[in-house]
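# Commentary on secondary and tertiary structure
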Amino acid sequence: MYTLKRFFIIMSLTISLLYVLEVSEAVGLKNFKPQLEINHMSNEYILQWQRLPYFAYYEVEALSVPPDNDAEQATETELIASYRTWKSQMSIDENFPFRTYWRVSAQTLFHQPLGKYSDHVNLTQTINGMAADFNKVKPKPTSFYPDNAPASIRPMLTWTVVPGAVYYELEFLTEPPENPNDVFSSDKQVLLTREVFTNGYNADLSWYEGNRIFWRVRALNNHGNPLGVFSDATELYLNHDIIPVTRPLINEHKPTNLPAPLYPAYSLIPVLGALSHEVELTCQPPENPGGIEPSQYRIWSQIVTGLNDCYDDQPRIIPGKYYWRVRGIDAAGNPVGGYSDAAEFSVDLSRGHYAATFGDSITHGGGAISYSPADFDYSYQTYLNFPAVNLGKSGDTTAAMLARFDQDVLPFKPKYLLILGGTNSLRGGVPAAQVITELTGIRDKCLTNGIRPIFLTLPPINPDAINDVFHEETVTNWREEFDAVNQFIRQQRYFIDLEPHFLDSNRELPDYLAIDGLHPDIEGKKLIAQIINAHWSRVVR
């Protein structure tokens, strides 16, 4: 009894002493303000600050906007995520958007924070001066034709994707340019084209009489302005006697660890001379690689004209392996050369047992005008911290989502279903009350089938940008209708609030998150994922 009493006395005195230390002007702990530094190393951001010579832990905050001051806690509309550590440094991966703001504070039993928050630091200020060098980003060639392996007069040129590029400008030169790492054309130029809408181009150099030429490429935004500088000029040797290979290329950007979307998209690099391209899906490897005839294992095909992507209109829900390839079609409907090599993907329903994402094109993927769900950088599922299968379908309304629920969701038997839908309905004039009824129907189907529905509030849109890119009008009362649906979502038992983090001063979607005013680009998809990650433990309790 005496020992226990003595213990409590010591503890009380210790706690009192700690409190006095924290509030004492002489000690100065309440004036402590960490100095935060962020460095980029090995695909990670390293956050570092000085350690307080006192018993304290540290809270690191990620914010979607700069905080109003350094003395108060962030509001729910500012805070994306927070992390706690006893150390004086923390690492985060590159799955966070550049336009996030970070700060750190010391935390104790009596004070949250102890002293002040650090000044906030934007990630774009940290990556070895990358913010200042965004205008110097450049593609890297990935196809090469040296003297000992020359190209035909119709070489297929490829390069790395520049994130956010809407199209590219390709320049051919007689010798290395006088202005490397520049945005201006070279005096050595002999041909320039801007009809390049993906990271590859089948060039026609039949007009060129020499056997050596140089090429370089740069990215452009939707207004035709440079997104960085030209690539390094690449030497290309030609052999006019080589018969050109007339086959398109498949253009995959899929991480190996992610499942294919339920509704796949197929991306290609066009072949010269083709008016259209036909994508073929087979249930076994094609028996005639590089041939011009369809495979006997064909289960689906679709022709696209003037596009570099093909959207599968059928849900690929039967488990197994699938193979797809593409060939060019001329104006008369005849093949332009042979099929491309075949690419493979698998369907495994068990990959959706934990979680699935359900919605329209914001869920399905794509963005920056020129990118489809085939480019996984534009899918928010890429940046989630947990496994999830993508059940999105571009163009969906909430009515369409409700109608396909049984067919598309139930076979996966997900434990959790992330639901983001209503944007297409509302901007097209469907009343909020009807959208709410349809979302309620989706919720009820989830509960009936033992699925936890987790709703995401609708990010805003930007009608002017939508009209500029798609030439589509948006109903004038869209804000009020979005607000009504989001109010309904916030009344659900399980929801995650995306909307506040996507609002500009006009309560619209800013262009740095979505060029087209509708589909979040890479930065926007990373932001969606990180907000979900930060709230996931709460909604799955």
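So, here is what we can say about the structure in this document. For every chain, the first residue of the written sequence is number 1, and numbering continues from 1 along that sequence. Owing to the predicted nature of the model, reporting of local features is limited to residues with pLDDT of at least 70; listing and counting of side-chain atom pairs is limited to 80 or more, with chain, interface and lining totals taken over all residues. As a convention, hydrogens and water are excluded, and side-chain values are obtained from all of the structure's heavy atoms.

### Structural notes on the overall build of the protein chain
Let me state the cut-off plainly: Secondary structure elements follow DSSP: runs of H or I no shorter than four residues count as helices, runs of E no shorter than two count as strands, and numbering proceeds from the N terminus. Throughout this description, buried means an accessible area under 20% of the type-specific maximum (1.4 Å probe, protein chains only), exposed means over 50%, and partly exposed covers the range between. Only the protein chains shown count as cover for residues, and the accessible areas themselves come from Shrake-Rupley with a 1.4 Å probe. A positive count includes Lys and Arg, and a negative count includes Asp and Glu. His and the chain ends are not counted in either. Note that the charge is assigned to NZ on lysines, CZ on arginines, CG on aspartates and CD on glutamates.
If you tally the helices and strands in the protein chain, you get nine helices and 26 strands. Dimensions along the principal axes, computed over C-alpha positions, put the protein chain at roughly 100 × 60 × 50 Å. Classification of the 541 residues of the protein chain by burial places 51% in the buried group. Here the protein chain has roughly 24700 Å² of accessible surface; of this, 52% comes from carbon and sulfur atoms. Charge-centre separation for the protein chain: the mean point of 43 positive side chains lies 9 Å from the mean point of 63 negative side chains.

### Overview of the packing of aromatic side chains
Convention followed: For Phe, Tyr and Trp, where Trp contributes only its six-membered ring, two rings pair if their centres lie within 6.5 Å, and the inter-plane angle classes them as stacked under 30 degrees, edge-to-face over 60, or tilted in between. For a ring to carry a charge above it, either NZ of a lysine or CZ of an arginine must fall within 6 Å of the ring centroid while also lying within 35 degrees of the normal to the ring plane.
A complete count under the given rule lists 21 aromatic pairs for this structure. On the numbers, 6.0 Å between centres and 45 degrees between planes, the contact of tyrosine 266 with tryptophan 300 is tilted. Of the two residues, tyrosine 266 sits in strand 15 (residues 265–269) while tryptophan 300 sits in strand 17 (residues 298–305), which places them 34 residues apart along the sequence. Centroid distance tyrosine 266 to phenylalanine 345: 6.5 Å. Interplanar angle 40 degrees. Geometry classified as tilted. In this pair, tyrosine 266 is assigned in strand 15 and phenylalanine 345 in strand 21 (residues 343–347), connecting sequence segments 79 residues apart. Under the relative-accessibility criterion, phenylalanine 345 is labelled buried at 7%. Among the aromatic residues, ring-to-ring pairing joins Tyr266, Trp300, Tyr322, Trp324 and Phe345 into one connected group. The aromatic ring of phenylalanine 376 is capped on one face by lysine 254, whose charged end is 6.0 Å from the ring centroid. Over the ring of tyrosine 339 we find arginine 325, and its NZ or CZ is 3.8 Å from the ring centre.

### Focus on the packing of helix 6 (residues 432–448) against helix 8 (residues 478–489)
The cut-off we apply is this: Comment: axis = line fitted to C-alpha atoms, over the contacting stretch for helices; angle = value between 0 and 180 degrees taken between N-to-C directions. With respect to orientation, any angle under 35 degrees is reported as roughly parallel, any angle over 145 as roughly antiparallel, any angle of 65 to 115 as roughly perpendicular, and every other angle as oblique. By convention the crossing between two helices is left-handed if the near helix lies anticlockwise of the far one by an angle smaller than a right angle, and right-handed if it lies clockwise. Throughout, a contact is declared for two residues whenever any of their heavy atoms are within 4.5 Å. Residue polarity is assigned by list, with Asp, Glu, Lys and Arg as charged and Ala, Val, Leu, Ile, Met, Phe, Trp, Tyr, Cys and Pro as nonpolar; anything else, Gly included, falls into the polar class.
Relative to each other, helix 6 and helix 8 sit at 30 degrees, their axes nearing to 9 Å. Comparing the axis directions of helix 6 and helix 8 gives the class roughly parallel. As helix 6 packs across helix 8, the resulting crossing turns out to be right-handed. Facing Ala432, Val435, Ile436, Leu439, Thr440 and Arg443 of helix 6, the residues of helix 8 in contact are Glu481, Ala484, Val485 and Phe488. Grouping the amino acids of the contact of helix 6 with helix 8 by side-chain chemistry returns seven nonpolar, one polar and two charged.

### Regarding the sheet that holds strand 10 (residues 189–196)
Threshold: Following DSSP output, two strands are said to pair if at least two bridges run between them.
As summarised here, the arrangement of the four strands in space is 10-9-12-13, forming an open sheet in which the pairing is antiparallel. Whereas interior strands pair on both sides, the edge strands pair on one side only; in this sheet they are strand 10 and strand 13 (234–237). Ignoring which end each strand starts from, the neighbouring axes of this sheet average 30 degrees apart. Where strand 9 (residues 167–173) and strand 10 come together, five bridges link them in antiparallel fashion. Its bridge partner lying in strand 10, tyrosine 168 is registered against valine 196.

### A short note on the pattern of salt bridges
Operational definition: Whenever a carboxyl oxygen of Asp or Glu lies within 4 Å of a side-chain nitrogen of Lys or Arg, that contact is scored as a salt bridge.
Counted by the stated rule, this structure contains 26 salt bridges. Residue arginine 316 is joined to aspartate 312 by a salt bridge in which the shortest nitrogen-to-oxygen separation is 2.8 Å. Assessed through its relative accessible area of 4%, aspartate 312 is described here as buried. Residues participating in the shared-partner salt-bridge network are Glu278, Glu280, Arg298, Arg325 and Arg327.

### Quick look at the nonpolar core
The cut-off we apply is this: In this description, a nonpolar core means a group of buried Ala, Val, Leu, Ile, Met, Phe, Trp, Tyr and Cys residues linked to one another through side-chain atoms lying within 4.5 Å.
Core analysis: the largest hydrophobic core is formed by 125 residues, its most contacted members being Trp102, Ile532 and Trp536. Here the element with the most residues in this core is helix 9 (residues 522–539); it accounts for eight residues. With near-sequence residues (within four places) excluded, isoleucine 532 lies in contact with Tyr380, Leu384, Phe386, Leu418, Leu456 and Ile496.

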